[in-house]
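Here are the chains, one letter per residue:
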Amino acid sequence: APRVRDKRAMRGLLFLASFFVVLGGAPACQGSPDAARTLDVFAAASLRESFQTLADAFEAAHPGVTVRLTFAGSQDLRTQIEHGAAADVFASADHEPMNALLGAKRVEAPAVFAKNRLVIVTPRDNAVVTSLATLPDAKRIVVGAPAVPIGRYTQRLLEAAAKDPTFGADFATRVEARIVSREANVRQVLAKVTLGEADAAVVYRTDAAVAKDVRVVELPRELAFQAEYPIAVVVGSHAPELARSWVDFVRSTEGQVTLARAGFEQP
């Protein structure tokens, strides 16, 4: 009799063990509560402070929801999404990365939610660059790489200035002769100045606003291009309704007030 009870007990244990192995080995269901309560937002580096504030407010309004933020250059984020990175929302610093994803049917219809403007930043004690016209006088200039939004906007700035008699046809050439590095996102551009590795850089106004020990040189209004920021839900999001709620929140009055406080302009 004792051996029979042992066999029954063993069979019971084996059944339970196999049951838990099945559970443990099963892939997480896309509709599982944990998955549906985490929102992965990929956002341009220049949105860091404002999106962190918005994430706190969104989580407070949606108990149990966690907003997981990933910041990088818009082009890098586009590449990550193209390679299958788990993202629910993409917020870009310009249209090119977003349009590429839209053409590949990787995002839903985007909407512009904010605008930004370019400025020059220099170390606080640098008195050489006092205007766009004196930018070529800087010994070390840092800009964004051509593939990233801040790099494209900077190139447009230089080309437009070269067409203005005020700056001269060789303006872009003189600036480019002083460029010592081209960075992967705007925060890396800004860091070169704050770390003393550059004498001048072109960044967004919102980035200059959060930097310490820099001096801001405003650009002529007609050349301070407005950078447009589109946002969209990523196709295949594990929480599409939550993702759409985030997009709506960013575009809401509360979201726009938060962005305005950071220096963004309304679309």
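Preceding this paragraph is the structure being described.
Residues numbered from 1 in each chain as written. Predicted model: local features only at pLDDT ≥ 70, side-chain atom pairs only at ≥ 80, totals over all residues. Heavy atoms only, no water.

**Comments concerning the side chain of Thr 258**
Positionally, Thr 258 belongs in helix α11 (residues 253-261). Excluding residues that lie within four positions of it along the chain, Thr 258 makes contacts with Ser 50, Thr 53 and Leu 54. (Helix = DSSP H or I, 4+ residues; strand = E, 2+ residues; numbered from the N terminus. Contact = heavy atoms within 4.5 Å.)

**Describing the side chain of Thr 134**
Looking at the element boundaries, Thr 134 is found in the loop between β4 (111-123) and β5 (141-144). Take Thr 134: its relative accessible area is 17%, and that puts it in the buried class. A polar contact is formed between the side chain of Thr 134 and the backbone nitrogen of Thr 130, at a distance of 2.9 Å. Among the polar contacts made by the side chain of Thr 134, one reaches the main-chain carbonyl oxygen of Ser 131 at a distance of 2.9 Å. Not counting residues up to four positions away in its chain, the partners in contact with Thr 134 are Val 128 and Val 129. (Buried < 20%, exposed > 50% of the residue type's maximum accessible area, 1.4 Å probe, protein only. Polar contact = N/O pair within 3.5 Å; in protein donor to acceptor, adjacent residues only side chain to side chain.)

**Side note on the pattern of salt bridges**
Inspection of every chain in the model, using the stated rule, returns 15 salt bridges. Between Arg 187 and Glu 49 there is a salt bridge whose closest N-O contact spans 2.5 Å. Of this pair, Arg 187 sits in helix α8 (residues 186-194) while Glu 49 is found in helix α3 (residues 48-61), placing the two residues 138 residues apart along the sequence. With its nearest N and O atoms 3.5 Å apart, the salt bridge here joins Glu 228 to Lys 115. Placement of the pair is Glu 228 in strand β9 (residues 226-233) and Lys 115 in strand β4, with a sequence separation of 113 residues. The exposure class of Glu 228 is partly exposed, given its relative accessible area of 25%. One network of salt bridges, with partners in common, ties together Arg 117, Arg 205, Glu 218 and Glu 265. (Salt bridge = Lys/Arg side-chain N within 4 Å of Asp/Glu carboxyl O.)

**Some details on the environment of Val 202**
Residue placement: Val 202 occurs in strand β7 (residues 200-204). A sequence separation of 80 residues divides Val 202 from Thr 122, and the C-alpha atoms of the two residues are 9.2 Å apart. Among all residues touching Val 202, those that are not within four sequence positions of it are Leu 118, Val 119, Ile 120, Val 142, Ile 150, Thr 154, Leu 157 and Val 189.

**Thoughts on the packing of α3 against α11**
Where α3 meets α11, the closest approach of the two axes is 9 Å, and the angle between their N-to-C directions is 150 degrees. When the axis of α3 is compared with that of α11, the two are roughly antiparallel. Considering the relative orientation of α3 and α11, their crossing is right-handed. Here Ser 50, Thr 53, Leu 54 and Ala 57 of α3 come into contact with α11, specifically with Glu 254, Gly 255, Thr 258 and Leu 259. When the residues that make up the contact of α3 with α11 are grouped by side-chain class, the tally is three nonpolar, four polar and one charged. (Axes fitted to C-alpha atoms, helices over the stretch in contact; angles between N-to-C directions. Parallel < 35°, antiparallel > 145°, perpendicular 65-115°, else oblique. Left-handed = near helix turned anticlockwise from the far one by under 90°. Nonpolar A, V, L, I, M, F, W, Y, C, P; charged D, E, K, R; others polar.)

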